[in-house]
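Structural description and commentary
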Amino acid sequence: MESFEEVLAQYEPMISAVIRKLNIYRDFEQFRQAGRVALWQAWTRFDNGKGNFTPFAYRSIYGALLDELKRENRFSEAHTSVETDTVELLVGHTLGDDEDVHGLHAALITLSLEQRQLLIMLYVDNVSQTECAKFFGITVAGIKKRRERILKKLKHQLVQLT
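An account of the accompanying structure is given in this report. Because the structure is a prediction, the values reported are computed rather than measured.

With that settled, the discussion passes to the overall build of the protein chain. Looking only at helices and strands, the protein chain features eight helices and zero strands. Starting at the N terminus, the α and β elements of the protein chain follow one another as α-α-α-α-α-α-α-α. Relative to all contacts within the protein chain whose residues are 6 or more apart in sequence, the contacts with residues 24 or more apart total 62%.

Let's shift gears to the pattern of salt bridges. One pass over the structure, following the stated rule, counts eight salt bridges. Several salt bridges share partner residues, and in doing so they unite E12, E29, R32 and R36 into one network.

Right, let's talk about the packing of aromatic side chains for a bit. Enumeration according to the criterion identifies six aromatic pairs in this entry. Measuring from ring centre to ring centre gives 5.5 Å for F4 and W43, while their planes differ by 55°; the resulting arrangement is tilted. One end of the pair, F4, is in helix α1 (residues 4–21); the other, W43, is in helix α2 (residues 28–45), and 39 residues separate them in sequence. Taking the relative accessible area as the measure of exposure, F4 reaches 16% and is therefore buried. One aromatic cluster is present, built from ring pairs that chain together Y11, F46, F53 and F56.

What follows covers the environment of L22. Along the chain, L22 turns up in the loop between α1 and α2. Distance from L22 to L69, taken between C-alpha atoms, is 9.2 Å for residues 47 residues apart in sequence. Ignoring sequence-local partners within four residues, the contact set of L22 consists of Y62, L65, L66 and L69.

A word on the side chain of R32. Checked against the element boundaries, R32 lands in helix α2. Ignoring anything within four residues of it in the chain, the contact list for R32 reads E12, I15, S16 and I19.

What follows concerns the environment of I24. With respect to the helices, strands and loops of the structure, I24 is situated in the loop between α1 and α2. Considered as a pair, I24 and L65 are 41 residues apart in the sequence and their alpha carbons are 9.4 Å apart. Residue contacts for I24: discarding those within four places in its chain leaves I19, F31 and L69.

Membership of the largest hydrophobic core comes to 20 residues, with the highest contact counts inside it found for Y11, L39, F53, I61 and L65. The biggest single contributor to this core is α1, with seven residues. Residues contacting L65, with those up to four places away along its chain left out, are I15, V18, I19, L22, F31, A34 and G35. Counting 15 residues, the second largest nonpolar core, distinct from the first, contains A107, L118, L122 and F136.

Attention now moves to unusual backbone geometry. Trans is the common state for peptide bonds, and a negative phi is the common state for residues other than glycine. With a phi angle near 55°, D27 is a residue other than glycine that sits in the positive phi range. Inspection of the secondary structure assignment puts D27 in the loop between α1 and α2. Judged by its relative accessible area of 37%, D27 falls in the partly exposed class. We note that N126 has phi near 55°; this positive angle belongs to a residue other than glycine.

Cut-offs and rules
Residues numbered from 1 in each chain as written. Predicted model: local features only at pLDDT ≥ 70, side-chain atom pairs only at ≥ 80, totals over all residues. Heavy atoms only, no water. Helix = DSSP H or I, 4+ residues; strand = E, 2+ residues; numbered from the N terminus. Contact = heavy atoms within 4.5 Å. Salt bridge = Lys/Arg side-chain N within 4 Å of Asp/Glu carboxyl O. Phe/Tyr/Trp six-rings, centres within 6.5 Å; stacked < 30°, edge-to-face > 60°. Buried < 20%, exposed > 50% of the residue type's maximum accessible area, 1.4 Å probe, protein only. Core = buried A, V, L, I, M, F, W, Y, C linked by side-chain atoms within 4.5 Å.

What follows is the structure, given as structure tokens:
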């Protein structure tokens, strides 16, 4: 069989195709590297007597990228962002002077009722993102995106006030 460098050059487009098929839209290099590792593992395990290498390589790459997606999903569910910690600190923080209270109040007033409701559910009531998604009738990804936009908007408002 040919060297791995030749195999990698030949199957690199397949890795890109699997990334597109799985709708991976961020961290391309991380997933591309996972695909390369999967290709190398397939290359070392392949037995010529059992058939063609191409479908074996495809299934190996596809499976490895699915595993990587699952691993990343579990990580993101278990670890919240720094912005989440900031909001949780704001909720538990006793504001000192009236200026702080008015600034925070002014920033929260810029949010719609639905946006404030989502923040309260997530950070005060500690409702999971899955339950919030059911409540608002959207996907968990939609809740994550809304939360991200709301936090960005709040941060922008608070920075302008200081």
